[in-house]
Structure formats: C-alpha cells, structure tokens
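Residues per chain are reported as follows:
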Amino acid sequence: MTISEATRDQMRDLAARYPKSRSALLPMLHLVQSVDNEVTADGINACAEVLGITSAEVTAVASFYTMYKRKPVGKHHVGVCTNTLCGLLGGDAVYAALSKRLGIGNNERSADGEFWLERIECQAACTHAPVMTVDWEFMDDVTPASAVDVVDRLARGEQVQSTRGPVIRDFEATEHTLAYPLDGLVNEGEAVDAKMLAGLRVAQERGMSAASVPAGGAS
Amino acid sequence: MITSGLTPIITEHWDKPDLYTLEGYRRVGGYQALAAALKMDPDAIIGQIKDSGLRGRGGAGFPTGMKWGFVPQNDGKPHYLVVNADESEPGACKDIPIMLANPHALVEGVIIASYAIRASHAFIYIRGEVPHAIRKVAYAVEQARAAGLIGENIMGSGFSLDIVVHSGAGAYICGEETALLDSLEGYRGQPRLKPPFPAVAGLYASPTVINNVETIANIPYIVDRGVAWFRQFGTEKSPGFKVFAVSGHVVRPGIYEAPLGITMRELLDYAGGIRGGGEVKFWLPGGSSVPMLTAEHLDLPLTYEDMAAAGTMLGTGTPMLFDNTVSVVKAVTRWLEFYKHESCGKCTPCREGTYWITGVLEKFEHGHGSPAEVDTLVNLCSQIAGRSFCALGDAAATPYPAALKFFRSEFEAATTTSADEQFNPVASYVFAETATR
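Residues numbered from 1 in each chain as written. Chains lettered and ligands numbered in written order. Predicted model: local features only at pLDDT ≥ 70, side-chain atom pairs only at ≥ 80, totals over all residues.

Enquirer: Describe in detail the overall build of chain A, supporting the description with residues and values.
Expert: Helix and strand content of chain A: eight helices and five strands. Counted from the first residue to the last, chain A has its helices and strands arranged as α-α-α-α-β-α-β-β-β-β-α-α-α. With the C-alpha coordinates aligned to their principal axes, the bounding extent of chain A is approximately 60 × 60 × 30 Å. The buried share of chain A, taken over its 219 residues, is 55%. (Helix = DSSP H or I, 4+ residues; strand = E, 2+ residues; numbered from the N terminus. Buried ≥ 20, exposed ≤ 12 C-beta atoms within 10 Å, placed from the backbone.)

Enquirer: Give a detailed account of the nonpolar core, specifying residues and quantitative values.
Expert: Residues Cys47 of chain A together with Val110, Ile112 and Val137 of chain B are the most contacted members of the largest nonpolar core, which totals 221 residues. Aside from chain neighbours lying at most four places away, what touches Cys47 of chain A is Met11, Leu25, Met28, Leu29, Val32 and Val58 of chain A. (Core = buried A, V, L, I, M, F, W, Y, C linked by C-beta atoms within 7 Å. Contact = placed C-beta atoms within 7 Å.)

Enquirer: Lay out the pairing of strand E8 (residues 320-323) of chain B in plain terms, naming residues and giving numbers.
Expert: All names here are of chain B. Of the pairings in the sheet, the one linking strand E5 (residues 241-248) to E8 comprises two bridges and is parallel in character. Directly across from Gly248, in E8, lies its bridge partner Leu321. In the sheet, strand E7 (residues 280-284) pairs with E8 via four bridges, with the strands oriented antiparallel. When the sheet's bridge partners are listed, Val280 is paired in E8 with Asp323. (Pairing = 2+ DSSP bridges.)

Enquirer: Give me the lowdown on the interface of chain A and chain B, citing residues and values where you can.
Expert: Taken together, the contact pairs 74 residues of chain A with 87 residues of chain B. If you list the elements that add at least two residues to the side of chain A that touches chain B, you get helix H2 (25-36), helix H4 (55-62), helix H5 (84-102), strand E5 (137-139), helix H6 (144-155), helix H7 (171-179) and helix H8 (198-205) of chain A. If you tally residues by element for the side of chain A that touches chain B, the top one is H5 of chain A, at eleven residues.

Enquirer: Explain the pairing of strand E1 (residues 80-85) of chain B residue by residue, including any values.
Expert: All names here are of chain B. Where burial is concerned, most of E1 is hidden: six out of the six residues are buried. Residues of E1 alternate between two faces, with Tyr80, Val82 and Asn84 on one and Leu81, Val83 and Ala85 on the opposite face, all of them buried. Bridge count between E1 and strand E2 (residues 121-126): six bridges; the pairing is parallel. Following the sheet pairing, Ala85 is matched in E2 by Ile126. As paired elements, E1 and strand E4 (residues 208-212) share five bridges and run parallel to each other. Across the sheet, the residue bridging to Tyr80 is Thr208, located in E4.

Enquirer: Describe the domain arrangement of chain B, with residues and values.
Expert: Residue and element names in this part refer to chain B. Along its sequence, chain B is organised into domain 1 (1-323) and domain 2 (328-428). Computed over C-alpha atoms, the centres of domain 1 and domain 2 are 30 Å apart. Counting residues at the interface gives 16 residues for domain 1 and 17 residues for domain 2. Looking at the side of domain 1 that touches domain 2, its residues break down into ten nonpolar, five polar and one charged. (Domains from an automatic or database assignment. Nonpolar A, V, L, I, M, F, W, Y, C, P; charged D, E, K, R; others polar.)

Enquirer: Can you lay out the sheet that holds strand E1 (residues 76-81) of chain A for me, pointing to particular residues and giving the numbers?
Expert: Residue and element names in this part refer to chain A. Taken in spatial order, the five strands line up as E2-E3-E1-E4-E5 in an open sheet, and their pairing is mixed. The outermost strands of the open sheet, each flanked by one partner alone, are strand E2 (108-109) and E5. Pairing analysis gives two bridges linking E2 to strand E3 (residues 115-120), with the strands arranged antiparallel. Bridge pairing in E3 places Arg109 opposite Trp116.

Enquirer: Before we move on, could you go through the domain arrangement of chain A and cite the residues and values that matter?
Expert: According to the domain assignment, chain A consists of domain 1 (5-62) and domain 2 (76-171). Centre-to-centre separation of domain 1 of chain A and domain 2 of chain A, based on C-alpha positions: 29 Å.

Enquirer: Can you tell me about the sheet that holds E2 of chain B, naming the residues and giving the values?
Expert: Residues and elements named next belong to chain B. Across the sheet, four strands lie side by side as E3-E2-E1-E4; this open sheet has parallel pairing. Two strands in the sheet have a free side with no partner beyond their single neighbour: strand E3 (162-167) and E4. If you compare each strand with its neighbour and ignore which way they point, the axes differ by 20° on average. Pairing analysis gives six bridges linking E2 to E3, with the strands arranged parallel. The residue of E3 that forms the bridge with Phe123 is Val164. Sheet strands touched by helix H7 (residues 131-146): E2 and E3. Its angle to E3, the strand with the most contacts, is close to 170°. (Axes fitted to C-alpha atoms, helices over the stretch in contact; angles between N-to-C directions.)

Enquirer: A description of helix H14 (residues 348-365) of chain B should follow, citing residues and the corresponding values.
Expert: Residue and element names in this part refer to chain B. Taking 1.5 Å as the rise per residue, H14 with 18 residues should run 26 Å; its terminal C-alpha atoms sit 25 Å apart, in good agreement. Every buried residue of H14 is listed here: Cys350, Gly353, Thr354, Ile357, Thr358, Val360, Leu361, Phe364 and Glu365. Its buried side turned inward, H14 meets helix H13 (328-342), helix H15 (371-384), helix H16 (391-396), helix H17 (399-413) and helix H18 (419-422). Looking at the residues trailing H14, positive phi occurs at Gly367, about 80°. (Expected span 1.5 Å × (residues − 1).)

Enquirer: Describe in detail the packing of H5 of chain A against H13 of chain B, supporting the description with residues and values.
Expert: It is at 9 Å that the axes of H5 of chain A and H13 of chain B come closest, and there the two elements cross at 130°. In terms of their interaxial angle, H5 of chain A and H13 of chain B are classed as oblique. Relative to H13 of chain B, H5 of chain A is oriented so that their crossing is right-handed. Every residue of H13 of chain B that contacts H5 of chain A at Thr84, Gly87 and Leu88 of chain A is listed here: Lys330, Ala331, Arg334 and Trp335 of chain B. Here the residues of the contact of H5 of chain A with H13 of chain B are counted per class, giving three nonpolar, two polar and two charged. (Parallel < 35°, antiparallel > 145°, perpendicular 65-115°, else oblique. Left-handed = near helix turned anticlockwise from the far one by under 90°.)

Enquirer: Please give an account of helix H1 (residues 5-15) of chain A that cites residues and values.
Expert: Residues and elements named next belong to chain A. Every buried residue of H1 is listed here: Thr7, Gln10, Met11, Leu14 and Ala15. Around the axis of H1, the buried residues are gathered within 140° of arc, so they sit on the same side. The exposed set on the far side of H1, more than 90 degrees from its buried face, consists of Glu5, Ala6 and Asp9. In this structure, the buried side of H1 is in contact with H2, helix H3 (41-51) and H7. (Arc of directions from axis to C-beta.)

Enquirer: How would you summarise the environment of Val200 of chain B if you had to cite specific residues and measurements?
Expert: Residue and element names in this part refer to chain B. Here Val200 lies in the loop between helix H8 (177-184) and E4. The exposure class assigned to Val200 is partly exposed, which follows from the 17 C-beta atoms found within 10 Å. On a C-alpha basis, the gap between Val200 and His79 in space is 9.4 Å, while along the polypeptide they are 121 residues apart. With sequence-adjacent residues up to four places away left out, Val200 is seen in contact with Pro72 and Pro207.

Structural data, given as structure tokens:
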C-alpha cells in the first residue's frame with residue numbers, strides 16, 4: 001500500500017514535536033503499522049523522505065525493535081508472556097492452548113488473517129500472572145480456557161473488554177494510539193484493579209497509614 | 001526510623017476513581033508542591049533532594065539529588081529531563097501501575113525536576129507495549145497543559161516547559177539509560193560508552209538527567225512535606241518508602257507500599273503468605289537481574305545496603321517469590337532465553353555469551369547436560385560479567401551462579417533428568433487446570 005499524503009502530514013506533525021526530527025522515527029513507524037498492518041517498504045521510504053535520511057537507516061531501526069513486523073500481522077495481535085514468572089505460573093499452558101486453537105506457532109499469523117500469536121517478554125504485570133495481551137491491551141490473570149474464550153469471542157466479532165483498558169479494537173488502532181495517544185479512550189474500562197489496591201486495602205483494614213506521620217518543614 | 005508496616009503515600013488515593021484526572025489529583029493536594037517549588041531557587045530544590053537521600057528507584061539506587069547536581073549550570077546549552085518509563089525488567093511491575101493510577105504525580109514531579117535542573121524540554125519514554133498507561137500519561141500532560149501547568153511562563157514564574165510523551169517499540173535494552181537516549185534520538189537502542197555521562201552529554205549531546213518513574217513520583221511528596229518527614233521512613237542509607245510489587249506464588253500478589261527496611265517476611269505476611277501454606281523455595285528482591293535468595297533470607301531488611309550485604313541487590317524492589325513446585329533449572333533457563341533475545345548485539349561477550357549460556361542451560365532443562373558443564377557454565381558467566389558496555393551482560397551472567405550456590409544438586413540431576421521430570425510443571429500453575437502438552 002502506498003502511504004497517503006494525509007499519513008505523511010501526520011509524520012511531519014510528529015517530527016515537528018521534537019527538537020530534532022529524527023526522534024519521531026519510532027512513533028512514525030507505529031503510524032506506518034497503523035495504516036499498512038506491518039512496516040512496509042513504502043512506509044520505510046516515506047519515513048526516510050520526511051526525515052531526510054536514507055531508507056537503509058530507517059530499516060536498521062525498524063529491524064531492531066520487536067514491535068515492528070516485516071510481514072502482515074492481521075487483525076489482532078495476541079501476546080502471551082512466557083518469561084519465567086508468567087510462563088511457569090501457567091503462561092506456558094496458555095500459549096500452548098492458543099497455539100492449538102489457532103493452529104499457529106510463535107510469530108505466525110492464522111490462515112484467515114485474524115490473529116497473530118507471539119510469545120512476549122515481561123509485560124510489567126507480574127502481579128497479574130499469567131498475562132496475555134490483545135492488541136497490546138492487558139488481559140490479566142488468564143487461564144488456558146479463558147484465553148481461548150477471548151480468541152473465540154473476537155473471532156465471532158463479539159466485544160471483549162481489556163481487564164485494565166478499553167474494549168479491544170484491533171492491532172492497527174493500537175498502533176495509531178502509540179503515535180497519537182490522545183485517542184479519547186482514556187476513560188474507558190478500568191485501570192486500577194484489586195491487585196493494584198492490595199496493599200492499600202490491607203493498610204485500611206489494619207488502620208495503617210503514613211498520614212499519621214507529621215510533615216516536617218522544608219529543611 | 002519507620003521500617004515496618006504499610007505506608008501508602010504514592011498509592012494512598014489509588015482507590016479514588018478519578019485520581020488520574022487533574023480535578024481528582026488536585027482534590028488530594030496535587031500540584032501544591034509545584035506551586036511551592038516554583039517559588040524556590042532551583043538549586044535549593046536540588047539541595048532538598050540531595051538532603052532527602054532519595055535513591056533511584058529504577059534498579060541502581062544512585063542518589064537522585066547527586067545526579068541532578070552533576071548537570072553543569074550556566075553552560076549555555078539546553079538541558080533535558082528524560083523519564084525512563086520503559087519498565088521491562090522481568091518481575092518489575094510498579095511503574096506501569098503508577099502511570100495507570102496516579103499519572104499526575106509523575107507529571108508534577110517532571111515539572112519540578114525540570115525546573116530544578118533548568119530543563120525546558122522533558123520526555124517521558126514509555127515502553128510501547130502498554131497503550132493504556134501511555135493514554136493515561138498523555139492525557140495527564142494534556143490536562144496539565146490546558147491548565148497552564150505546562151507551557152510558557154508556568155504560574156507566572158517565568159519558567160517554561162514542554163513535555164513530550166514518547167512510545168517505545170519493544171526493546172528491554174532501552175531501559176538502559178544511554179540506549180534509551182539513542183532510541184529517543186531515533187536510532188537502534190544501543191548503549192553508549194561512558195564517560196561522557198548523560199549529565200554532561202546526553203540527549204542531543206546536551207546535559208540530561210534520566211530518572212525512573214517512581215523516583216520522579218517521589219519528588220512532589222518530598223517538596224511538599226519536607227526532608228525531615230521523608231527521612232522518617234526507611235534507614236539512614238535507604239531513606240523513604242517504596243512501591244513494592246509482590247508477585248509469584250503468594251496468596252495476594254499486588255502492590256504494597258511500605259518503608260524501605262521492611263522485611264520480605266513482613267511483606268509476605270501482608271500478601272497472605274505462600275499459597276496453600278507452602279514455603280518459599282527462592283525469591284528475587286527486584287527483577288531477574290539480581291541474584292536470588294532463599295527462605296533463610298526472609299528476615300533481611302529490604303534496603304539497598306542490606307541486600308548488597310547479602311550478595312544481591314534491591315533492584316527494582318519488586319519481589320518475585322517461587323514455591324517448592326518450581327524447577328530452578330527451568331526458571332534460570334527461561335531468564336537466559338530472555339537475555340539472549342534482548343541482547344542488543346553491540347558487545348561480543350554479551351551477544352555471543354548469552355547464546356552459549358542459553359544453549360547449555362537448555363541441555364540441562366532437557367536432562368542432557370554433562371557434569372563438567374555445571375562448572376564450565378560458571379566460567380562462561382565470569383567471561384561475560386564486566387566485559388560489556390552496559391549492565392545487560394552482567395545481568396545475564398547473574399542468575400546461573402546465584403542459583404548454583406543454593407541448588408547445585410538440581411543442576412547435577414539435570415544431567416540425566418529433565419526439569420519437567422524433576423518437577424511436574426502443572427504443579428506450578430496458579431489455576432487448577434490440566435496442561436495442554
């Protein structure tokens with residue numbers, strides 16, 4: 001697909017946000033994935049043109065970062081953390097169940113183009129292990145059955161709510177958010193759950209508080 | 001010195017559903033500290049943070065005020081503040097919750113820190129895999145901008161600041177501060193040789209301070225309540241409080257904010273203990289890059305100095321606890337597969353070494369290791385540690401020797417018996433379900 005003039009305008013807008021335009025390259029590549037579903041040669045050329053660098057320089061960056069794909073991802077990106085903590089606490093079984101359900105392995109796309117499956121590294125949600133992501137939105141505390149259910153519901157076109165985030169859209173929509181995070185979804189879904197409040201609840205139950213410690217002067 | 005109990009400070013108002021909005025944050029006293037700070041001399045703020053003894057919460061524990069003090073003043077160059085929000089260390093999960101729940105504490109801290117180091121541009125580099133945290137922070141910045149807390153002549157102080165929220169793209173190495181700078185400049189995220197340090201030549205070769213999310217989130221509280229108040233928590237060398245994230249085989253994994261100096265046993269008690277009344281087999285105080293400890297270390301205070309004395313590090317202060325169902329061979333192998341995947345490839349010992357360690361460990365995991373390799377691997381790790389630009393190589397050389405110290409027999413058994421035969425993996429799952437094998 002050819003990168004449209006509207007997308008190039010957005011690239012120029014991103015580049016203008018930084019003291020040096022090349023700093024915008026990572027968000028620009030997310031923008032490419034939001035319209036092309038992957039980092040395409042056209043997308044690389046457009047980034048290079050806007051920034052006044054070579055396409056080889058852009059390719060060198062695109063090939064370094066795991067989130068950039070050089071083949072079509074499809075509609076939904078499905079990640080399962082199989083790093084030590086999530087993996088051993090059940091992420092391995094979650095991954096195996098999804099792999100079986102989708103008939104694909106790591107970094108592969110299902111034949112119908114609906115799902116990309118990936119063993120992801122630590123997602124900074126170890127308190128919510130095992131962790132799965134759909135289009136990079138959190139699906140916390142999954143089991144093999146609940147993970148397969150998420151995929152089944154998405155396949156049927158049903159609504160799936162992230163456990164700490166909005167209703168799942170699709171991979172390209174998330175990639176657009178990474179370039180332009182003011183997407184109007186900040187109020188959607190829950191962001192703070194019981195596990196994030198675990199210590200606060202214990203403190204409240206046991207009457208423990210830092211507020212009882214008097215504030216000292218600004219010494 | 002308060003070193004026990006839970007002390008919700010950064011997390012105190014997380015149960016208020018609108019805390020992430022400007023109105024919600026202001027209702028609990030938000031941006032009072034900024035108003036006070038903008039009336040202070042910037043050097044006085046640096047002095048206050050130095051006096052507080054605040055140490056970096058990203059893992060290394062470097063004194064924050066000292067870092068700020070390294071920035072040369074009146075040098076005629078632009079200065080930059082960069083927030084490291086690339087939380088990717090296996091086991092670390094406290095910065096993302098801070099950004100989800102209390103993003104304005106981060107933004108307020110960014111404005112105060114930028115004023116102190118005389119930066120007119122700040123960047124918040126958030127890993128790309130967490131869109132909802134990015135949304136929350138971007139929204140907080142936008143609200144602060146609309147309210148005149150970011151922009152030109154903030155609150156009539158003459159101080160101007162722009163903040164850019166920047167999405168990463170999936171690279172653990174970008175949590176290393178100089179790799180983060182290269183990434184933020186639009187390059188592959190590879191570490192730089194130090195010196196020069198970022199305080200002298202950082203972003204765009206200008207003086208730059210790089211601080212962790214939790215570190216910056218501490219700033220408004222210190223400015224607002226004072227050094228004496230802050231130093232009531234923790235110990236002489238590890239003052240303050242910590243957003244601990246407790247994960248693994250505990251009854252109630254989650255966020256527990258407590259003073260530094262609390263013991264793992266006390267934190268574990270708040271988290272409900274090990275599931276099923278079981279016991280800790282091994283635990284890591286702060287990420288996979290710090291050496292593991294065992295049940296005999298549960299009574300040590302969680303401070304930078306006590307963890308160092310025990311041969312490990314506080315790291316990110318996000319303890320992972322594993323019970324007796326877990327194969328240490330499998331756990332260590334998985335961590336090394338991670339380091340192999342994330343090595344940026346710049347330094348040969350790390351790039352090649354992670355490949356070789358992982359290869360040998362995978363043989364052990366499958367029960368094919370040779371007895372001689374138990375010690376060969378120690379030698380291999382010692383060839384990597386200290387021989388690369390950044391700490392990723394050191395981190396990769398850490399898990400195996402640490403595990404061997406306590407669980408040598410398990411690695412020796414793995415010369416004939418696979419990890420899964422030694423320990424049924426299903427027993428480690430946190431749900432009751434048969435594995436799909």
